[in-house]
Amino acid sequence: MNLQGKWLEAVPNFSEGKNEDIIWALKDAISSVKGVLILHIDMSADANRTVITFAGPCGIGFGGFFFAHSKSNNIDRHAFTKRNTP
């Protein structure tokens with residue numbers, strides 16, 4: 001992998017912190033984009049949020065972000081009746 005040139009780091013916040021199947025599907029979707037590296041995953045069941053930090057060369061990094069966004073449509077945002085956001 002070429003580590004030279006401009007890179008993009010993305011830190012999207014997904015409204016899912018409890019359903020590990022959805023969280024791992026998001027991670028798999030992001031990491032399936034060739035050239036994208038997953039840097040960190042932070043899941044919070046209390047806040048019902050997951051942050052997946054990833055990076056890649058500029059064009060590829062944007063592709064990873066938009067692919068993850070398309071997969072986030074699987075999250076049922078209407079299912080949340082109580083939020084414990086810190």
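The preceding data block contains the structure.
Please read these numbers as outputs of a predicted model, since none were measured by experiment.

**Q** Describe the overall build of the chain, listing the residues and the values that go with them.
**A** Secondary structure assignment for the chain yields 2 helices and 4 strands. Secondary structure elements of the chain occur, N-terminal to C-terminal, as β-β-α-β-β-α. Counting every position in the chain, which comprises 86 residues, the buried fraction comes to 31%. Taking contacts inside the chain between residues at least 6 apart in sequence as the whole, the part at least 24 apart equals 68%.

**Q** How would you sum up the pattern of salt bridges? Please name residues and give values.
**A** Across all of its chains, the model carries 1 salt bridge by this definition. The partner of Asp28 in a salt bridge is Lys27, and the shortest N-O contact between them spans 3.3 Å. Assessed through its relative accessible area of 41%, Asp28 is described here as partly exposed. Assessed through its relative accessible area of 26%, Lys27 is described here as partly exposed.

**Q** Account for the pairing of strand S4 (residues 49-57), naming residues and giving values.
**A** As paired elements, strand S1 (residues 7-10) and S4 share 4 bridges and run antiparallel to each other. Bridging from a neighbouring strand, Ala10 pairs with Phe54 of S4. The pairing of strand S2 (residues 13-14) with S4 spans 2 bridges and is classified as antiparallel. Bridge pairing in S4 links Phe14 to Thr50. Between strand S3 (residues 37-44) and S4, which pair antiparallel in sequence order, lie 4 residues; one of them, Asn48, sits at a positive phi of approximately 50 degrees.

Basis of the calculations
Residues numbered from 1 in each chain as written. Predicted model: local features only at pLDDT ≥ 70, side-chain atom pairs only at ≥ 80, totals over all residues. Heavy atoms only, no water. Helix = DSSP H or I, 4+ residues; strand = E, 2+ residues; numbered from the N terminus. Buried < 20%, exposed > 50% of the residue type's maximum accessible area, 1.4 Å probe, protein only. Contact = heavy atoms within 4.5 Å. Salt bridge = Lys/Arg side-chain N within 4 Å of Asp/Glu carboxyl O. Pairing = 2+ DSSP bridges.

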